[in-house]
Amino acid sequence: MFKKQLKWGVATLLVTVTLGTGATQMVTAHAATYHTVSTKSLKKTAYHKKSKAGAIYNQAHSKKVANLKTYPNTTWYVTKQAVLKHGNSKGIYYYVANQGKSVKGWIWHGYLKKGKAPFGLKYAKGAVAMDAKTGKVVWSRKANTARPIASTSKIMTLYLTLQKVNSKSGSWNDVVDTSSKGLVAMGNNSSVGGFRFKSGHKYTVKDLYYAAYLDSSNNAAIALGKWVAGSNAKFIQKMNAQAKAWNLQHTSFVSASGLENSDLRSYGYSYGSANANQVSPKDLALITRHLITDYPRVLTDGKIGSKTVDGQLCYNYNNLLKGRKYYQASLNVNGLKTGYTPLAGYCFVGTAQKSGKHQLITVVLHDENEFTETRSLMNHAFKQASMAE
């Protein structure tokens, strides 16, 4: 245990030392400050971190301001240089500040290299930005690593639902069987449901489409799957068959809704031996590309902020839409699907159509700040020359 004290520019540490007898004694250790030998102004120049090492301090080095490793994609602007002396050694230090000047201080020059920081995301464990017109990936992180995707799984469920409606083998007005005790119980549990199946009420395909899409209702998604294929098991098999037909190499489904089997088991809807759907960011972007290309109505529906279905409010949790916290008008976000479970983290598949650019698809998986990072990713992707019309 130690306590830090500052006196006359010298850091004094009171340190507990264990003696050979087992007793302890407080001793004082002095850490010499850094003294400024010379300083000069520099033309403002961009730098970024060379490695994970390094920290920013005040000029006397008595206070640490920030560790570089916590700012992996920050561009630092150098405006001054100083020669600082510490003990018998001297070194060249730069005065740096981030673009917003919220973090600033002095750092040894060897921890930095010239140039702006490459684009990156701080939290997402997997991510992709894809040109929806060409299918080209314009930025990615672990694009082919499959991981749980929570309710973004419903993108495949929506595709197969729309496929049946548009093939005329089913209709928007078909009444879906919602009498299953497991699905009724799921709908009554807000932590896994989101849309109640009321006794005596009849729900159409269109009702459940909006409940599954906008409100991310899990019981609505499973009911739609049973309507498409005849049973939950057959529908999941259909999901995997469709993924195989599209030659998706990093996709495996065990759930129509994105809930894990550990949650579905008590409702009688677990399937397979794996606990969760496993899909890579690139494969999820490709599934989305098929959806918005074959059934573009989802881009119109994806902009609906909320809709009342059978007296229940279905709220769209896409916070990049107009009027929401993370809205940016120039991006023209038109979809698409949120997702979260503790296992999958925050997941989001976004679509946007910026003026003069191709339609964009973004995927962030296992994120902590999915809307801020999606917005950053969209802005970065739209700057790429290949995205221009």
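Residues numbered from 1 in each chain as written. Predicted model: local features only at pLDDT ≥ 70, side-chain atom pairs only at ≥ 80, totals over all residues. Heavy atoms only, no water.

Things to note about the sheet that holds strand β19 (residues 333–341)
Here is the rule we go by: Two strands are said to pair when DSSP picks up at least two bridges between them. Put simply, DSSP marks the helices as runs of H or I at least four residues long and the strands as runs of E at least two long, and each gets a number from the N terminus on. Lines are fitted to the C-alpha atoms to define the axes, a helix being fitted only along its stretch in contact, and any angle between axes, read from their N-to-C directions, falls within 0 to 180 degrees.
One open sheet holds the five strands; their spatial order is β12-β11-β21-β20-β19, and the pairing between them is antiparallel. Looking along the sheet, the strands with just one partner apiece sit at the ends: β12 (137–141) and β19. Averaged over neighbouring strand pairs, the angle between their axes works out to 5° when direction is ignored. Relative to strand β21 (residues 360–367), strand β20 (residues 345–352) runs antiparallel, the two being bridged by six bridges.

Considering the packing of aromatic side chains
Convention followed: Stacked, tilted and edge-to-face are the three classes assigned to paired rings of Phe, Tyr and Trp, where Trp is represented by its six-membered ring and a pair needs centres within 6.5 Å; plane angles under 30 degrees give stacked, over 60 edge-to-face, the rest tilted. Under the scheme applied here, a residue whose accessible area is under 20% of the maximum for its type counts as buried, over 50% as exposed, and between as partly exposed, the area being computed with a 1.4 Å probe on protein chains only.
Scanning all chains against the criterion turns up 18 aromatic pairs. When the centroid spacing of 5.1 Å and the interplanar angle of 85° are considered together, the rings of W108 and Y111 count as edge-to-face. A relative accessible area of 35% means that W108 is categorised as partly exposed. Here W172 and Y209 contribute two aromatic rings whose centre-to-centre distance is 5.0 Å and whose plane-to-plane angle is 65°, an arrangement assigned as edge-to-face. Highlighted residues: W172 in the loop between α1 (154–166) and β13 (175–176) and Y209 in helix α3 (residues 205–213), separated in sequence by 37 residues. Using a relative accessible area of 15% as the deciding quantity, one classes W172 as buried. Cluster of aromatic residues (ring-pair linked, three or more members): W172, Y209, Y210 and Y213.

A word on the confidence of the model for the chain
Stated precisely, the cut-off is as follows: Scored between 0 and 100, pLDDT is the confidence that the predictor attaches to each residue. What makes two residues a contact is simply this: any of their non-hydrogen atoms within 4.5 Å.
Across the chain, pLDDT averages 91, with 92% of residues at or above 70. Confidence over residues 1–31 falls short of pLDDT 50; this stretch has 46 contacts with residues more than four positions distant or in other chains.

A word on empty space enclosed by the protein
Quick reminder of the rule: Within this scheme a cavity is a closed region of a 1 Å grid, computed over the protein atoms alone, that accommodates a 1.4 Å probe without allowing it to escape, whereas a pocket is open but has protein on both sides within 12 Å along at least five of seven lines; lining residues each have an atom within 4 Å of a point. Grid points are joined across faces, edges and corners, and a volume is the space filled by probe spheres set on the points.
Tallied over the entire structure, the rule returns one cavity of 30 Å³ or more. The space that makes up the largest cavity amounts to roughly 40 Å³. Considering the residues around the largest cavity, the lining is formed by Y213, L214, N316, Y317, N318, L336, K337 and T338. Ranked by the residues each element gives to the lining of the largest cavity, the list is headed by β19, at three residues.

Examining the environment of T338
As for its position among the elements, T338 is in strand β19. Put simply, T338 and Y317 are 21 residues apart on the chain and 6.7 Å apart in space, counted from C-alpha to C-alpha. When sequence neighbours within four positions are dropped, the list of residues in contact with T338 reads S151, T152, S216, Y317, N318, C347, F348 and F371.

So, the UniProt feature "active site" (unreviewed entry) in the chain
Put simply, the rule reads: UniProt positions are given in the numbering used here, feature names are shortened, and annotations may be inferred rather than shown by experiment.
The UniProt entry lists S151, K154 and S216 under the feature "active site" (unreviewed entry), expressed in the numbering used here. Taken along the chain, the residues just named run across 66 residues; in space they keep tight, none of their C-alpha pairs more than 7.9 Å apart. Considered against the second largest pocket, the annotated residues that line it turn out to be S151 and S216. Setting aside chain neighbours within four positions, we find S151 in contact with S216, N218, S257, G258, K337, T338, G339 and Y340. Locating K154 in the fold gives a position in helix α1. Setting aside anything within four residues of it in sequence, one finds K154 in contact with A212, S216, S217, N218, A221, A256, S257 and K337.

Let's talk about the pairing of strand β8 (residues 89–97)
Both strand β7 (residues 76–86) and β8 contribute to a ladder of nine bridges, which runs antiparallel. Residue pairing across strands places K80 opposite Y95, the latter belonging to β8. Remark: two residues form the turn of the hairpin made by β7 and β8, two consecutive strands paired antiparallel; G87 in that turn has positive phi of roughly 65°. Both β8 and strand β9 (residues 104–108) contribute to a ladder of five bridges, which runs antiparallel.

Considering the layout of surface pockets
Where we set the bar: The residue classification treats Ala, Val, Leu, Ile, Met, Phe, Trp, Tyr, Cys and Pro as nonpolar and Asp, Glu, Lys and Arg as charged. All others, Gly included, are polar.
In this structure, the largest pocket encloses a volume near 750 Å³. Looking at the largest pocket, it is lined by 25 residues, and the ones nearest its centre are N73, T74, T75, F119 and G120. With five residues, the top contributor of residues to the lining of the largest pocket is helix α9 (residues 370–382). Here the lining of the largest pocket is composed, by residue class, of eight nonpolar, 13 polar and four charged. When its volume is computed, the second largest pocket comes out at roughly 530 Å³. The wall of the second largest pocket is formed by 23 residues, among which S151, D215, S216, G339 and Y340 lie closest to the centre. When contributions to the lining of the second largest pocket are tallied by element, the ones reaching two or more residues are β19, β20 and α9. In terms of residues, the lining of the second largest pocket owes the most to one element, β19, which gives four residues. Its residues assigned to classes, the lining of the second largest pocket shows eight nonpolar, 12 polar and three charged.

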